[in-house]
Structures are given as structure tokens and as C-alpha cells.
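Fold and geometry: a report
The residues making up each chain are set out below.
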Amino acid sequence: MARQVSICVIGSGYVGLVAAACFADMGHKVTCVDNDEARVKLLCDGGVPIFEEHLPELLAKHRGRSVTFTTDLGRAVEESEAVFIAVGTPQGDSGAADLSYVEAVVAEIARMIKNYKVIVEKSTVPVYTNAWIRRVLHRHGVEKDRFDVVSNPEFLREGTAVVDFLHPDRIVVGASEEHSAELLRQIYEPLTEGSYYTQPGAVPGCCNTAHPAKMLVTTTQSAEIIKHASNAFLAMKISFINAVANLAEAVDADIEDIAKGIGLDSRIGPRFLRAGLGYGGSCFPKDVAAFHWVAQERGVNFQLLDEVRKINETQREIFFNKVRSALWTLRGKRLAALGLAFKGETDDIRESPSIEIIKKLLQAGAIVTAYDPAAIERAKQTLPPDTNMKYAANLYEAAKDADAVLILTDWKEFAAIDLERLNQAVRFPILIDGRNLYKPDEMQKHGFTYVSMGRQASYQGQEGKPHKMPA
Ligand code: NAD
Ligand code: UGA
């Protein structure tokens, strides 16, 4: 039987809140701390500040029992054996990660430590941050025997965060002492021994007692590099397929067939080969930049990462030019924008390609009506509603009298549109799909001119192929 560990999680964002709820579901006693008072109040009152599958159910099950929320970091640290730091590490001006939130938390922990704690670096941080945390604790007068610092990077994806956390491909622990590694082994034992998967009400996923989660214990530097290198590799895979998509389009080939053909090679694999608007989100853009910065700092040539970034940025321009090519001029054109979140099944709009594209369309004089199943409220803070920027309650309302419909986010809902109804709603049946959710011949059958990424466009009826617009 796994031991119950008392855990403090600092930060109640996409990672901290999910980790807190999942640790509670694994049988631990968790206090989740945030310095955002409104967020803590919302959590204490039964609210859920982010859109994430399974999270409301887990919080309803454990709130006030095995998971509590507070702004009182001192007390939470005092009552815990392990303190997980899960605050933001945004991109700084130089491209390096801004570690000021981590440092502020470490300084606060230093003031509060009275007896031995294992401090766990959960945020994504550059190599040697573990060493810096130790140094800061020493500088604040904390004796060496009062703490250990472990690196335990998180690999969850937004939209599937709870399942990813409880059914991980791997759990990485970077530790320099056996004692602290052992505490992390105990914390994750329900997943690594598999007892979690037989418990009533366990969140289902790919792990089970026969195939439980795997843990890899490494040095702290290796664990830190594993996280950055994993994100950079996935970003590289996306930029690679986008570059191939642009070539495919130039030679009349089909990127969907090509991605399938490449992905069937088991050494490459089919995932993260979806061509489109490029990667966004709060992690890939900043982590590729931070990893590149680390390499530069150490005098290591990793120019590849800059190429990954450039290809990614070009995808937005390519899409924008497709809209111009399909519509000729943009001033006064009514466009339905489907999707605001950086990917489907999340309400997160940080570094969202959709937001960037909508801003460009508005600058060009277009009138945009946007719909997103979860991200409208967040988007309104960046793109306030006005005469040219409107929001709709559903996708058909967004499409009403539109000169063209743009698919910007890969929400499952957008892959299951009633195409007859959409065709009746629009002014002109033109669909420009930045996420390749449909097949060109299917769209043609439904009477649409259909433009997508890495494939030839299909034109409706009288429409001939338009002239390419100059970049
Ligand atoms: P977030 O911005 O959603 O949440 C961070 C939270 O920390 C906020 O609620 C903020 O109020 C709180 N916070 C900041 N300073 C604090 C302090 N001094 N005391 C208490 N609380 C404080 O961030 P996130 O998306 O959860 O990411 C957190 C870290 O995890 C980042 O390093 C990120 O790169 C990494 N990560 C994120 C994901 C993801 O999918 N979002 C996945 C893996 C790793
Ligand atoms: C990503 C990683 O997948 C996680 O393992 C990691 O923990 C996390 O970053 C992090 O460190 O924060 P996330 O950003 O939530 O997770 O979402 P992804 O599913 O990876 O998608 C990232 C972006 O790439 C999205 O904009 C998505 O639309 C795009 N993408 C993804 C593609 O364009 N093509 C693909 O084939 C896959």
C-alpha cells in the first residue's frame, strides 16, 4: 500500500492545479498555494478557473478533503514533506526564461523552512536552475541539511492534462541524493506500481497494472535538459512537417498522404506531424527560445532551433496570404473565425496563432466574427469587441453572411460541422482551413471552395484558380 505524502504545490495554473488534483486522486494530502487571491477564492468556493477535461470532477471529489487552497505559503510549506514549485517561467526579453517567479517563491520558502523539506522543481526551467535554487536557499541562510532540491519536469498537454498526468509516457526525476529521489518514488508509487489504475473511479487512460507508468531517475542537469529537449524536438517535428507541406503544395502533392507515409515509419511515428498554422501556446515558443539561449550561453551551435522558430512564424503569413488570395481585397470583408485557443479542447489563448491572424486581418480592414467553444472570454481581453471585432454564440452564427469561413483552431467541434447548414449561412461558400480538418473532394461535394495547408485548393463551380497574391 502506497504511503500518503503531504504535498504543497505552489501555483494553481494549468500545471499546479492539475498536479494538485491528481496527487489528491493518487491518495496524497495536498495544499495548493497561489498568490492570486481571486483565484484562490474561486477555487475555495467550488469554481474551476481553467477548462480541462476531468478536472472539475477531481476537484469536486477532493476539494476541502485531500486538496485545499490557500494564499498562505508559510503554513502550507510547514505542513508538507514535498514542496512542488509550479509557477510560470515566461520568455524574457533576451529569449531566456524569466525565472523571477521561481526565485521569488524560493526566497519565500527560505523564510519559512523550519525542518527538512524536499523542494521539487516542476516548472520548466533551464539547466542549472536546480543548482541556483540551492544557492538561493543557502544565501537566505537555510542550512544544507534542511532541504534537497529535485527536478521533476512535467510533460502534460493542455486539453488532456489530467489523463497525461495520471497516465504519463514517463516520469523524470533528477536528484543528486538518494533520500530525495526516494520521496519522489513514494509520491508516484500509485502510478509506477499501478495501484492507482485499479482504484474505483480512477481516471482511465493507457496505463494499467500490467503496464504502469515508468520512472527515470537522472542527474538534475539531465532532467532539466530532457524537458527542454523534448519540447524543442516536438516543435521541430511540427516545423519540419510544415516545411514539407509548403513543398507539397508547390509540387501538387498532398501533405496528409505524405504525413501518413512518413509517420508509418515506426522510427518517426505519426504524432506531431499535423501541418497547419504552426505551434502556439505558452510552452513551445518560449521553450524553443530558452533552449536556444542556453546553447548560445554555453557556446554550442544550435541554429536549428532558430530555423524551427522561423518556419513556425512563416506559417501564419502563408495562411494570411491564402485568405487574401481567396478574397482579393480584405477591407470590409466579413470573415468568420472559428477558433481562438492555441489548440483545441483548451481555453488557453497564450501565443495563439488564431489571435495573431485575427489581429492581422483586422489591421487589413476585415470585419471578423469569432467563435470558440471555450476561449471567448479570455480572447475579449486581447481583442475587445467593437464594430469590426464581434463574437458569436455558435459557429453558424459566426458564419452568417460571411464572405469566407476560416478554421483557426483544431477543436473537435470544427471537424464535425453540418456543412449544409454552414453553406446556407454564408454569403459565399469559401472555407479556408488552417488545420486541415476536411478533405478537399468532400468540401467540393458540399459546394465549397476549399483552401487548406499543403494541399491544392479546390474551387467551386465557375470559380477559376485565383492569381497568387504578392507576399
Ligand atoms: P500558469 O500561468 O497557468 O500558472 C502559474 C500560477 O502561479 C498562476 O496562477 C500564478 O498566480 C501563480 N504564481 C505566480 N507567482 C506565485 C507566487 N509567488 N506564489 C504563489 N503562486 C504564484 O502557468 P502554467 O501553464 O501552469 O505553467 C507553469 C510552469 O509549468 C511553466 O514553467 C510552464 O512552462 C510549465 N509547464 C506548463 C505546461 C502547460 O501545458 N501549461 C506543461 C508542462 C510544463
Ligand atoms: C506541449 C507538449 O506537448 C507537452 O508535452 C508539454 O508538457 C507542454 O507543451 C509544455 O511544456 O507546456 P501543449 O502546449 O499543451 O503541450 O500542446 P501541444 O498539443 O503540444 O500543442 C502545441 C502546439 O502545437 C499547438 O498550437 C498545436 O496546435 C500545435 N501542433 C501540435 C501542430 O501544429 N501540429 C501537431 O502535429 C501537433
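Residues numbered from 1 in each chain as written. Chains lettered and ligands numbered in written order. Predicted model: local features only at pLDDT ≥ 70, side-chain atom pairs only at ≥ 80, totals over all residues. Heavy atoms only, no water.

1. Some points on the site of ligand 1
Ligand 1 sits among 26 residues. The nearest are Val15, Asp34, Thr89, Glu158 and Lys286. Taking Val15, its main chain carries an N or O atom lying 2.9 Å from an oxygen atom of ligand 1. The backbone of Asn35 places a nitrogen or oxygen atom 3.3 Å from a nitrogen atom of ligand 1. Relative to its free-state accessible area of 830 Å², ligand 1 is covered by the protein chains to the extent of 88%. (Near = heavy atom within 4 Å. Polar contact = N/O pair within 3.5 Å; in protein donor to acceptor, adjacent residues only side chain to side chain. Areas by Shrake-Rupley, 256 points an atom, 1.4 Å probe, with all protein chains shown as cover.)

2. Topic: the UniProt feature "binding site: NAD(+)" (unreviewed entry) in the protein
Feature annotation in UniProt places "binding site: NAD(+)" (unreviewed entry) on Asp34, Arg39, Thr89, Thr124, Glu158, Lys286 and Arg350, given in this structure's numbering. For this annotated set, covering 317 residues, the C-alpha atoms extend up to 24.5 Å from each other, a dispersed arrangement in space. Ignoring anything within four residues of it in the chain, the contact list for Thr89 reads Ala97, Asp98, Leu99, Val102, Ser123, Thr124, Val125 and Lys286. Side-chain polar atoms of Thr89 contact the backbone oxygen of Thr124, separated by 2.8 Å. Take Lys286: it is sitting in helix α11 (residues 284-297). Overall, Lys286 belongs to the buried group, its relative accessible area being 12%. Discounting residues that sit within four places of it in the chain, Lys286 has contacts with Thr89, Pro90, Gln91, Gly95 and Thr124. (UniProt positions renumbered as here; feature names shortened; annotations may be inferred. Contact = heavy atoms within 4.5 Å. Helix = DSSP H or I, 4+ residues; strand = E, 2+ residues; numbered from the N terminus. Buried < 20%, exposed > 50% of the residue type's maximum accessible area, 1.4 Å probe, protein only.)

3. With respect to the site of ligand 2
Looking at ligand 2, there are 20 residues lining it, with Phe155, Leu156, Glu158, Lys227 and Cys283 nearest. Contact between ligand 2 and Arg274: an oxygen atom at 2.8 Å from a main-chain N or O atom of the residue. Here an oxygen atom of ligand 2 sits 3.0 Å away from a polar atom, N or O, in the main chain of Phe342. Burial of ligand 2 by the surrounding chains reaches 93%, relative to a free accessible area of 700 Å². Listed by contribution, the elements that provide at least two residues to the shell around ligand 2 are α9 (220-250) and α11. For the shell around ligand 2, a count of residues per class yields nine nonpolar, three polar and eight charged. (Nonpolar A, V, L, I, M, F, W, Y, C, P; charged D, E, K, R; others polar.)

4. Some remarks on the packing of aromatic side chains
Taken as a whole, this structure holds 10 aromatic pairs when the rule is applied. Arranged with centres 5.9 Å apart and planes meeting at 65 degrees, the rings of Phe51 and Trp411 form a pair that is edge-to-face. Within this pair, whereas Phe51 is found in the loop between α2 (37-44) and α3 (55-62), its partner Trp411 is found in the loop between β12 (404-407) and α16 (419-425), the two being separated by 360 residues in sequence. Centre to centre, the rings of Phe165 and Tyr188 are 6.5 Å apart; their planes meet at 40 degrees, and the pair counts as tilted. (Phe/Tyr/Trp six-rings, centres within 6.5 Å; stacked < 30°, edge-to-face > 60°.)

5. Notes on α11
Relative to the 20 Å expected for 14 residues at 1.5 Å per residue, α11 spans 20 Å between its end C-alpha atoms, a close match to the ideal helical length. Most of α11 sits inside the fold, with 11 of its 14 residues counted as buried. Taken as a whole, α11 has its buried residues at Phe284, Pro285, Lys286, Asp287, Val288, Ala289, Ala290, Phe291, His292, Val294 and Ala295. Among the structural elements, α9 and α12 (304-327) are those in contact with the buried residues of α11. Note on α11: the residue one or two positions beyond its end, Gly299, has a positive phi of about 75 degrees. (Expected span 1.5 Å × (residues − 1).)

6. Side note on the environment of Phe284
Following the sequence through the fold, Phe284 ends up in helix α11. Through-space distance from the C-alpha of Phe284 to that of Glu351 is 9.4 Å; in sequence the pair is 67 residues apart.

7. Focus on the sheet that holds strand β9 (residues 334-338)
A sheet is described by the order of its strands in space; here six strands give the open sequence β11-β10-β9-β12-β13-β14, paired in parallel fashion. If you trace the sheet from one side to the other, it starts and ends with β11 (389-391) and β14 (449-451), each paired once. With strand direction ignored, the average angle separating the axes of adjacent strands in the sheet is 20 degrees. Taken strand by strand, α12 contacts β9, β12, β13 (430-433) and β14, and its axis lies near 170 degrees from that of β13. Sheet strands in contact with helix α13 (residues 353-363) are β9, β10 (367-371), β11 and β12, and its direction is about 155 degrees off that of β10. (Pairing = 2+ DSSP bridges. Axes fitted to C-alpha atoms, helices over the stretch in contact; angles between N-to-C directions.)

8. Quick notes on the domain arrangement of the protein
The domain architecture assigned to the protein consists of domain 1 (6-218), domain 2 (230-311) and domain 3 (312-458). Each of domain 1 and domain 3 has a C-alpha centre, and these two points are 37 Å apart. Contacts between the two partners involve seven residues from domain 1, matched on the other side by 10 residues from domain 3. When domain 1 packs against domain 3, close to 670 Å² is buried across both sides, 43% of that on carbon and sulfur atoms. (Domains from an automatic or database assignment. Buried area = accessible area lost by both parts, 1.4 Å probe.)

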